There are 4 protein chains.
Amino acid sequence: MHKEEAAMKKIGMLTSGGDCQALNAAMRGVVKALAHNIDELEIYGFENGYKGLIYENYRILTSKDFSGILTKGGTILGSSRQPFKLMRVPDENGLDKVAAMKNTYKKLGLDCLVILGGNGTQKTANLLREEGLNIIHLPKTIDNDIYGTDVTFGFQSAINIATDAIDCIHTTAASHNRVFIVEVMGHKVGWLTLYAGVAGGADIILLPEIPYDIDKVVDAIHKRTKEGKGFTILAVAEGAISKEDAALSKKEYRKKLAKSKYPSVSYEVADRISERLGLEVRVAVPGHTQRGGSPCPYDRVLCTRLGSAAAKAIMDEDYGCMIAMVNGQTKRVPLADVAGKLKTVDPKSQMIKEAKRTGICFGD
Amino acid sequence: MHKEEAAMKKIGMLTSGGDCQALNAAMRGVVKALAHNIDELEIYGFENGYKGLIYENYRILTSKDFSGILTKGGTILGSSRQPFKLMRVPDENGLDKVAAMKNTYKKLGLDCLVILGGNGTQKTANLLREEGLNIIHLPKTIDNDIYGTDVTFGFQSAINIATDAIDCIHTTAASHNRVFIVEVMGHKVGWLTLYAGVAGGADIILLPEIPYDIDKVVDAIHKRTKEGKGFTILAVAEGAISKEDAALSKKEYRKKLAKSKYPSVSYEVADRISERLGLEVRVAVPGHTQRGGSPCPYDRVLCTRLGSAAAKAIMDEDYGCMIAMVNGQTKRVPLADVAGKLKTVDPKSQMIKEAKRTGICFGD
Amino acid sequence: MHKEEAAMKKIGMLTSGGDCQALNAAMRGVVKALAHNIDELEIYGFENGYKGLIYENYRILTSKDFSGILTKGGTILGSSRQPFKLMRVPDENGLDKVAAMKNTYKKLGLDCLVILGGNGTQKTANLLREEGLNIIHLPKTIDNDIYGTDVTFGFQSAINIATDAIDCIHTTAASHNRVFIVEVMGHKVGWLTLYAGVAGGADIILLPEIPYDIDKVVDAIHKRTKEGKGFTILAVAEGAISKEDAALSKKEYRKKLAKSKYPSVSYEVADRISERLGLEVRVAVPGHTQRGGSPCPYDRVLCTRLGSAAAKAIMDEDYGCMIAMVNGQTKRVPLADVAGKLKTVDPKSQMIKEAKRTGICFGD
Amino acid sequence: MHKEEAAMKKIGMLTSGGDCQALNAAMRGVVKALAHNIDELEIYGFENGYKGLIYENYRILTSKDFSGILTKGGTILGSSRQPFKLMRVPDENGLDKVAAMKNTYKKLGLDCLVILGGNGTQKTANLLREEGLNIIHLPKTIDNDIYGTDVTFGFQSAINIATDAIDCIHTTAASHNRVFIVEVMGHKVGWLTLYAGVAGGADIILLPEIPYDIDKVVDAIHKRTKEGKGFTILAVAEGAISKEDAALSKKEYRKKLAKSKYPSVSYEVADRISERLGLEVRVAVPGHTQRGGSPCPYDRVLCTRLGSAAAKAIMDEDYGCMIAMVNGQTKRVPLADVAGKLKTVDPKSQMIKEAKRTGICFGD
């Protein structure tokens with residue numbers, strides 16, 4: 001083998017699942033660190049997540065592609081959702097997706113694949129690792145629900161946007177003595193709602209991890225009125241659930257949701273409060289704005305560090321891991337240890353206790 | 001009469017209708033200009049809009065109340081909606097509201113009443129003028145629909161928030177090749193949606209003033225797909241209306257809305273597009289966030305100028321007018337000339353033509 | 001002549017002078033409007049201002065170049081300062097610059113040249129017009145000093161940044177009872193300082209157009225202290241000038257500046273106040289941050305409109321003009337009428353009177 | 001003793017040293033948590049830092065004082081710098097300051113004193129603890145240099161502002177191919193510059209902890225030019241120091257600084273680069289804007305948690321500590337263990353290595 005060939009590193013890269021704010025910053029971190037430390041380098045960017053790997057859609061990326069994208073939202077590679085549970089199922093043309101991905105990898109002679117994504121993405125990344133590919137995973141999600149890392153990128157940027165929404169609602173709620181709900185994203189976990197709720201000074205915070213009792217919620221509003229505070233702000237997670245619904249089986253609950261007349265859970269909470277208290281409750285749904293826009297400085301630092309640490313792992317040829325942030329230090333965490341696990345808000349955690357002590361009602 | 005009494009000016013002040021961003025900045029402008037130019041001054045702040053005037057709820061405001069509020073959202077006086085059409089109707093205790101307001105005014109010996117509010121507020125302000133009170137009106141609304149002024153305060157701040165929402169949606173829409181709707185406030189007019197839509201680079205903008213043809217909307221999305229643009233962003237006014245619905249009588253349309261399963265109009269637009277194109281359409285509803293938060297610098301300058309001009313009108317004892325901004329100059333516009341009129345977007349205006357020329361589809 | 005050739009439009013484009021926030025938005029406006037209305041179109045982007053035209057440095061731009069740049073600061077074409085007064089002077093190799101520019105224009109067979117820039121740029125644009133080229137000028141500058149248009153693009157974005165700086169200083173000044181100066185850009189005119197100063201609630205505003213008397217400035221600070229206001233904020237234009245200095249000849253003043261130990265004028269103002277009052281005066285110089293970053297929604301609407309109107313002028317083959325915004329309408333203003341003129345703040349204008357009425361000291 | 005007297009808690013509170021963004025949020029956290037958990041409570045707010053404690057300037061604060069201040073910059077109590085080394089020196093009237101502070105504390109019958117401040121403040125807090133007072137310290141500073149806590153409040157908000165400045169400079173630097181310096185605060189440590197520099201994508205970062213070699217800096221700029229990157233951005237700490245100066249004794253260096261013609265260190269760096277490369281280098285000094293404005297969501301969460309944890313310590317009557325954030329958990333750290341120590345950037349830390357790997361030059 002020629003020396004030149006030996007030296008050439010071929011790195012694949014893809015972003016999968018719902019997009020979020022610092023995907024480009026993370027890819028830039030990886031590539032900047034590699035380019036400054038490896039003489040011969042070829043970056044293959046797969047388009048629209050695993051789809052690009054399955055169907056061999058990619059483009060060669062140069063340092064120019066990574067210039068000026070530190071602050072750019074979205075992903076220059078595009079993304080798509082490819083459910084893990086369908087990965088073993090052939091596509092409409094009978095194509096074996098896993099075999100196809102392995103094939104693309106081998107054909108291009110890749111040294112490793114850098115995969116940016118959330119929980120579902122991580123499971124497929126782990127599957128590819130089991131299939132023998134060299135994988136580095138970077139933990140992306142506004143939901144902050146990835147096990148094995150203190151924080152995911154996108155999370156702080158999303159907190160900022162959701163908090164902005166609550167801040168804006170605050171002035172109007174106070175001027176009109178109204179009850180307002182801000183529905184916060186976060187999928188099935190409450191991290192985003194908890195942090196944005198505390199940051200925004202919400203009076204009531206409803207999380208999936210702490211099923212709410214509507215009576216407690218109504219009492220909390222009542223108490224505020226008695227104390228002369230004419231308005232109340234609720235931060236409600238899109239996955240919030242009542243005590244009654246939490247008692248249902250998953251299947252029953254899904255059925256109930258499917259039949260619901262409400263486009264999302266906070267409209268239901270609004271109606272329930274409204275009925276009890278005989279007053280109008282307004283709902284704001286910032287929705288996908290929470291995963292868009294330019295990444296905040298916190299996420300840019302996080303991603304530059306994670307990306308640089310990923311590059312080091314590649315130089316060390318130490319694969320099969322997620323690059324995590326633990327106690328302020330980047331760390332390689334084996335995918336085998338974390339794939340398939342979910343990090344949820346512990347109702348007995350220090351932070352929940354601290355929040356409750358300041359008077360925030362969690363509906364329990 | 002003693003000289004001292006003669007010199008003392010007594011000014012009432014109230015904010016009425018939906019709150020918006022620079023109410024405090026406007027009141028600060030009035031009071032700063034008065035306090036620097038009138039030796040003896042007493043400011044009566046009526047609480048929660050006309051309610052405070054009707055039921056004699058007020059507090060004496062000092063310069064300290066106006067310190068540091070230039071950047072503060074909401075209104076330090078509180079607000080409430082008091083529909084004009086109910087003003088002549090006695091309250092639940094048989095109280096004649098108009099007589100009560102006049103009574104409060106006389107009792108306190110006010111020299112004039114500075115009223116900050118939108119169209120409805122303006123009609124009542126004009127009624128009080130007809131009843132003999134000295135009135136100055138300041139044009140407040142994020143809707144920008146007040147006749148006789150080029151711009152209202154709150155409008156630019158609301159544009160900024162709605163545009164931020166569209167910007168955030170942009171990165172996520174582009175990454176996922178999706179169709180997104182951002183529902184923008186604005187009541188029955190399209191100003192806010194037009195400006196935020198153009199500023200945010202929306203591809204399709206639906207306004208109340210230009211009833212949309214769903215086929216044209218679908219065609220525009222189609223055309224983008226054919227041009228290789230995988231995503232489309234629609235800015236839809238909360239008051240947007242289809243051609244069919246615009247053909248209904250007002251009564252029929254209200255009935256239809258009341259029976260609608262959608263919490264707001266953009267969910268219906270989403271469903272209609274979704275049916276035609278067989279793809280998911282996401283909706284974001286920033287809602288009341290658009291009228292909250294700190295006023296933008298544009299609105300702060302506007303309000304300082306309007307407030308200062310209002311103070312000058314008071315010093316000149318020239319009442320019965322709205323302080324407007326016309327061609328960059330503050331101007332006193334007789335309330336009699338403007339009350340009850342609505343400023344709407346002209347579908348044939350220069351700006352609509354300019355927007356259409358760049359390829360924006362308005363659904364017509 | 002073939003029909004195809006007849007239909008093909010060739011448009012040159014360049015950005016010259018100091019950059020500012022919505023240059024890309026304006027170019028996007030022009031190109032989107034042209035591309036939607038002209039079948040055959042070729043855009044030549046000259047690099048780094050007039051330099052690119054002189055030395056034939058250009059690239060063909062496609063619609064892809066203009067995608068996603070509505071919100072992007074800076075200029076995708078690069079810019080450079082090419083002083084008007086040197087345009088008639090040959091370059092170091094004896095090249096006649098004006099002849100070279102004409103030559104490039106003819107050689108490429110351009111139909112017209114769209115030039116984005118400020119006052120100096122405009123003068124050269126007018127020179128090229130006199131030389132027989134088809135010119136459209138778009139008024140760009142954070143200084144807002146272009147004659148013939150109510151507003152220039154970049155101005156509002158710069159106001160926002162400068163106001164942010166004053167806002168930040170406000171909280172720290174108030175907490176520490178200190179005197180603070182924020183130095184605001186604006187070249188030789190005071191527009192930016194006036195608007196940011198009023199928007200930021202500055203107590204003292206010093207503009208080039210109103211030479212300041214240091215005694216008046218010191219008195220104003222004194223008066224605030226007596227009223228119990230422990231802090232004072234000054235917005236000082238980078239071109240602010242004292243009464244004494246304003247009495248000097250231009251040449252003498254330039255000499256004085258050249259010998260000054262201060263990097264900019266506000267450090268001198270700080271020292272003078274400090275000496276008189278025996279207290280520390282802090283200076284913040286946001287500097288070039290004021291012309292950077294993403295354009296605000298106001299500027300994006302402005303530029304989309306100006307750009308679209310420029311495209312219309314091109315379609316109408318109506319050249320030799322600046323596209324201005326006058327009383328809310330875009331308008332073609334002959335370059336011959338405006339080139340070489342400067343729009344300054346009128347010390348007797350309505351806005352200055354309004355600002356003074358609220359108690360703002362201008363040092364006169 | 002009556003039961004009522006026994007139950008009444010009297011808490012003093014003061015903010016000392018340079019102000020920063022989340023002081024009010026932290027005080028709100030303490031008071032909200034106390035008020036929800038202690039029936040009888042009296043809060044004494046001392047004005048302008050230790051001054052208020054020395055001279056008995058205070059006001060009783062009610063929950064109303066803490067309403068709406070979560071997002072408010074500065075400090076509602078005012079602040080002042082009272083150097084630790086002068087605490088044992090009598091004031092101009094011969095007053096023993098330490099005795100006076102103890103006296104005020106005893107006279108009012110305080111149960112404890114909550115002190116918000118940085119390193120200097122902490123030293124005095126520890127002195128008061130040694131003198132027998134019950135002290136809780138909350139770690140406030142944009143400099144992030146307090147030993148014993150992972151992060152201080154104000155730090156992340158300041159990062160955001162400094163990063164914004166770099167972002168704005170980025171677009172203008174890129175458009176003009178210029179070398180720009182943004183001077184970042186941080187006192188004698190480099191935390192703020194390091195984080196803002198990485199977040200802003202600075203090419204060169206100069207910190208007090210890593211004395212710079214001007215040749216290395218010039219080489220880095222050169223290298224960029226050779227790679228076709230026409231612009232370079234330097235983030236320079238206000239405390240940055242050259243290798244030569246670092247070799248001086250502290251006394252000699254102070255003398256040198258006192259005689260320097262430059263208002264701050266980055267003007268000197270600019271001149272040195274300018275001389276070597278023969279090009280203009282521009283400087284932006286955001287200055288005190290970095291400690292002003294509304295706290296970011298990160299700091300609001302941090303302060304709510306620290307404040308709530310401080311309240312718990314008070315309820316537990318566990319005094320003499322700083323409430324720190326360590327590995328994501330609030331923690332009581334004995335003042336005796338940390339007072340007088342400084343947390344600096346370790347040039348061999350993981351983060352510096354990660355930053356260097358991506359190509360950032362630190363001038364060493």
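Predicted model, so just to flag it, every value in this text is computed and none were measured.

Enquirer: So what exactly am I meant to see when it comes to the overall build of chain A here?
Expert: A tally of helices and strands in chain A yields 14 helices and twelve strands. Against the 2.2 N^0.38 benchmark of 21 Å for 364 residues, chain A shows a C-alpha radius of gyration of 23 Å, consistent with a compact globule. With the C-alpha coordinates aligned to their principal axes, the bounding extent of chain A is approximately 80 × 40 × 30 Å. With 364 residues in all, chain A has 61% of them scored as buried.

Enquirer: It is not clear to me how the packing of aromatic side chains should be interpreted in this structure. Could you clarify?
Expert: Ring pairs (aromatic) are described by centroid distance and by the angle formed between their planes. Residues and elements named next belong to chain A. Counted by the stated rule, this structure contains 14 aromatic pairs over all chains. Seen in terms of ring centroids, Phe46 and Tyr58 are 5.8 Å apart; in terms of plane orientation they differ by 65°. Their pairing is edge-to-face. Pair noted here: Phe46 is in strand 2 (residues 41-46) and Tyr58 is in strand 3 (residues 58-61), with a separation of twelve residues, a long-range link. According to the relative accessible area criterion, Tyr58 is partly exposed, its value standing at 32%. Aromatic rings pair up to connect Tyr44, Phe46 and Tyr58 into one cluster.

Enquirer: I keep staring at the interface of chain D and chain A and nothing clicks. Help me out?
Expert: Size of an interface: often given as the accessible area lost when the parts come together. The partner chain A presents 39 residues to the 39 residues of chain D that form the contact. Across the chain D/chain A interface, buried area totals approximately 3300 Å², and carbon plus sulfur atoms make up 53% of it. At the surface where chain D touches chain A, the tally comes to four salt bridges. Between Asp167(D) and Arg300(A) there is a salt bridge, with the nearest N and O atoms lying 2.7 Å from each other. Summed over the shared surface of chain D and chain A, the number is 20 residue pairs in polar contact (both at pLDDT 80 or more). Looking at the side of chain D that touches chain A, the elements with two or more residues in it are helix 2 (23-35), helix 6 (155-176), helix 7 (191-200), helix 12 (297-315), strand 11 (329-334) and helix 14 (350-357) of chain D. Broken down by element, the side of chain D that touches chain A gets its largest block of residues, ten residues, from helix 12 of chain D.

Enquirer: What should I look at first to understand the arrangement of the chains in this one?
Expert: Note that chain A does not reach chain C: the shortest distance linking a C-alpha of one to a C-alpha of the other is 10 Å. Over all C-alpha pairs, chain B and chain D never come within contact, reaching a minimum spacing of 10 Å.

Enquirer: Even after reading the chapter, I still don't get the sheet that holds strand 5 (residues 135-139) of chain D, so can you show me in this structure?
Expert: Strand pairing in a sheet is mediated by backbone hydrogen bonds. Such pairs are either parallel or antiparallel. All names here are of chain D. With mixed pairing, the seven strands of this open sheet are ordered in space as 3-2-1-4-5-10-11. Of all strands in the sheet, those with a lone pairing partner are strand 3 (58-61) and strand 11, marking the two edges. Within the sheet, the average angular offset between the axes of one strand and its neighbour, ignoring direction, is 25°. Strand direction decides the pairing type here: strand 2 (residues 41-46) and strand 3, joined by four bridges, are antiparallel. Bridging across to strand 3, Phe46 finds its partner in Tyr58.

Enquirer: What's the story with the interface of chain B and chain A in this structure? I'm lost.
Expert: On the chain A side, the residues contacting the 35 residues of chain B number 34 residues. Across the chain B to chain A interface the summed buried area is about 2400 Å²; carbon plus sulfur atoms make up 57%. Run the count over chain B and chain A and you get 13 residue pairs in polar contact (both at pLDDT 80 or more). Of the residues forming the side of chain B that touches chain A, the biggest block, nine residues, is contributed by helix 6 (residues 155-176) of chain B.

Enquirer: Can you walk me through a positive patch on the surface in this structure?
Expert: Residues and elements named next belong to chain A. Taken together, the side chains of Lys85, Lys123, Lys188, Lys250, Lys251, Arg254, Lys255 and Lys259 present a region of like positive charge at the surface. By the secondary structure assignment, Lys251 is in helix 10 (residues 250-259). Under the relative-accessibility criterion, Lys251 is labelled exposed at 62%.

Enquirer: Can you help me understand the pattern of salt bridges in this one?
Expert: Opposite charge on two side chains lets them pair, provided their charged atoms get close. According to the stated counting rule, one finds 80 salt bridges over all chains in the structure shown. Residues Arg129(C) and Glu130(C) are paired through a salt bridge, measuring 4.0 Å at the closest nitrogen-oxygen approach. Look at Glu130(C) and you get exposed, because its relative accessible area is 54%. Between Lys356(D) and Asp364(D) there is a salt bridge, with the nearest N and O atoms lying 2.8 Å from each other. A relative accessible area of 36% means that Asp364(D) is categorised as partly exposed.

Enquirer: Explain the relation of the copies chain B and chain A here, please?
Expert: Copy one and copy two of the chain differ by a rotation about a common axis and a shift along it. Mapping chain B onto chain A leaves a residual RMSD of 0.0 Å; the transformation is a rotation of 180° accompanied by 0.0 Å of translation along its axis. Here the copies are linked by what is in effect a two-fold axis. With an isologous cut-off of 70% or more, the 97% of interface residues of chain B that recur at the interface of chain A puts this contact in the isologous class.

Enquirer: Before we go on, may I ask you to explain the environment of Ile135(C) in this structure?
Expert: Residue and element names in this part refer to chain C. Mapped onto the elements of the fold, Ile135 is located in strand 5 (residues 135-141). With a relative accessible area of 0%, Ile135 lands in the buried category. For the pair Ile135 and Leu61, spaced 74 residues apart in sequence, the C-alpha to C-alpha distance is 19 Å. Setting aside residues up to four positions removed in sequence, Ile135 forms contacts with Leu113, Ile115, Ala125, Leu128, Arg129, Tyr319, Gly320, Cys321 and Leu335.

Enquirer: Even after reading the chapter, I still don't get the UniProt feature "binding site: Mg(2+)" (unreviewed entry) in chain A, so can you show me in this structure?
Expert: Residues and elements named next belong to chain A. The UniProt feature table records "binding site: Mg(2+)" (unreviewed entry) at Asn119. Along the chain, Asn119 falls in helix 5 (residues 119-130). Here Asn119 is in contact with Asp145, Ile146, Lys341 and Leu342, once residues within four sequence places are set aside.

Enquirer: Is there a simple way to explain the environment of Asp245(A) in this structure?
Expert: Tracing the sequence through the fold places Asp245(A) in helix 9 (residues 243-246). Discounting chain neighbours no more than four positions away, the residues touching Asp245(A) are Tyr253(A) and Lys256(A).

Enquirer: I tried to follow the UniProt feature "active site" (unreviewed entry) in chain A on my own but got confused; where do I start?
Expert: Residues and elements named next belong to chain A. When the UniProt feature table is mapped onto this chain numbering, "active site" (unreviewed entry) sits at Asp143. You can see Asp143 is positioned in the loop between strand 5 (135-141) and strand 6 (153-154). Note on Asp143: relative accessible area 8%, which makes it buried. Residues within four places of Asp143 in sequence aside, it is in contact with Gly186, His187, Val189 and Trp191.

Enquirer: Help me out: how do you make sense of the relation of the copies chain D and chain A in this one?
Expert: For the match of chain D to chain A, the screw axis carries a shift of 0.0 Å, the RMSD comes to 0.0 Å, and the turn is 180°. By residue overlap, the copies meet face to face through one surface: 100% of the interface positions of chain D are interface positions in chain A.

Enquirer: Explain the side chain of Thr104(A) to me, please; I cannot follow it from the model alone.
Expert: Inspection of the secondary structure puts Thr104(A) in helix 4 (residues 97-108). With sequence-adjacent residues up to four places away left out, Thr104(A) is seen in contact with Phe46(A), Leu53(A), Ile54(A) and Glu56(A).

Enquirer: I tried to follow the sheet that holds strand 8 (residues 232-237) of chain D on my own but got confused; where do I start?
Expert: All names here are of chain D. One open sheet accounts for four strands, arranged 7-8-6-9; its pairing is parallel. Where the open sheet ends on each side, the last strands, each with one partner, are strand 7 (204-206) and strand 9 (281-284). The average undirected angle you get between the axes of adjacent strands in this sheet is 20°. Contacts from helix 7 reach strand 6 (179-184), strand 7 and strand 8 within the one sheet, and its direction differs from that of strand 7 by about 170°. Contacts between helix 8 (residues 214-226) and the sheet are confined to strand 6, strand 7 and strand 8, with strand 7 contributing the most and set at about 165° to the helix.

Definitions and limits used
Sequence positions are assigned chain by chain, starting from 1 and proceeding in written order. Naming scheme: in the order in which they are written, chains are lettered from A and ligands are numbered from 1. Predicted model: local features are reported for residues with pLDDT of at least 70 only, side-chain atom pairs are reported and counted for 80 or more only, and whole-chain, interface and lining totals are derived from all residues. In computing side-chain values, all of the structure's heavy atoms are included and hydrogens and water are not. To qualify as a helix, a DSSP run of H or I must reach at least 4 residues; to qualify as a strand, a run of E must reach at least 2; elements of each kind are numbered from the N terminus. For the radius of gyration, the atoms used are the C-alpha atoms, and the globule rule reads 2.2 Å times the number of residues raised to 0.38. Three exposure classes are used, based on accessible area relative to the maximum for each residue type with a 1.4 Å probe and protein chains only: buried under 20%, partly exposed in between, and exposed over 50%. Each pair of aromatic rings taken from Phe, Tyr and Trp, with Trp reduced to its six-membered ring, is defined by centres within 6.5 Å and is described as stacked if the planes are under 30 degrees apart, edge-to-face if over 60, and tilted in the remaining cases. Whether two residues touch is decided by their heavy atoms; if any such pair falls within 4.5 Å, the residues are in contact. Throughout, buried area stands for the accessible area (probe radius 1.4 Å) lost by two parts on being put together, summed over both. Salt bridge, as applied in this entry: a Lys or Arg side-chain nitrogen positioned within 4 Å of an Asp or Glu carboxyl oxygen. Think of a polar contact as two N or O atoms within 3.5 Å of one another; within protein, one of them needs to be a possible hydrogen donor and the other a possible acceptor, and neighboring residues in sequence only count if both atoms come from side chains. For two strands to pair, DSSP has to find at least two bridges joining them. Angles shown run from 0 to 180 degrees and are taken between the N-to-C directions of axes, each axis being a line fitted to C-alpha atoms and, for helices, limited to the stretch in contact. Here, patches come from residues exposed beyond 30% relative accessible area and free of salt bridges, joined within 9 Å for like charges and within 5 Å for nonpolar side chains (Val, Leu, Ile, Met, Phe, Trp, Tyr). For accessible areas, the Shrake-Rupley method is used with a probe of radius 1.4 Å. Any residue's cover is judged against the shown protein chains and nothing else. We treat Lys and Arg as the positive residues and Asp and Glu as the negative residues; His and chain ends play no part in the count. Charge positions are represented by NZ for Lys, CZ for Arg, CG for Asp and CD for Glu. Copy-to-copy alignment: least squares on C-alpha atoms, limited to residues at pLDDT 70 or above in both. UniProt positions are given in the numbering used here, feature names are shortened, and annotations may be inferred rather than shown by experiment.

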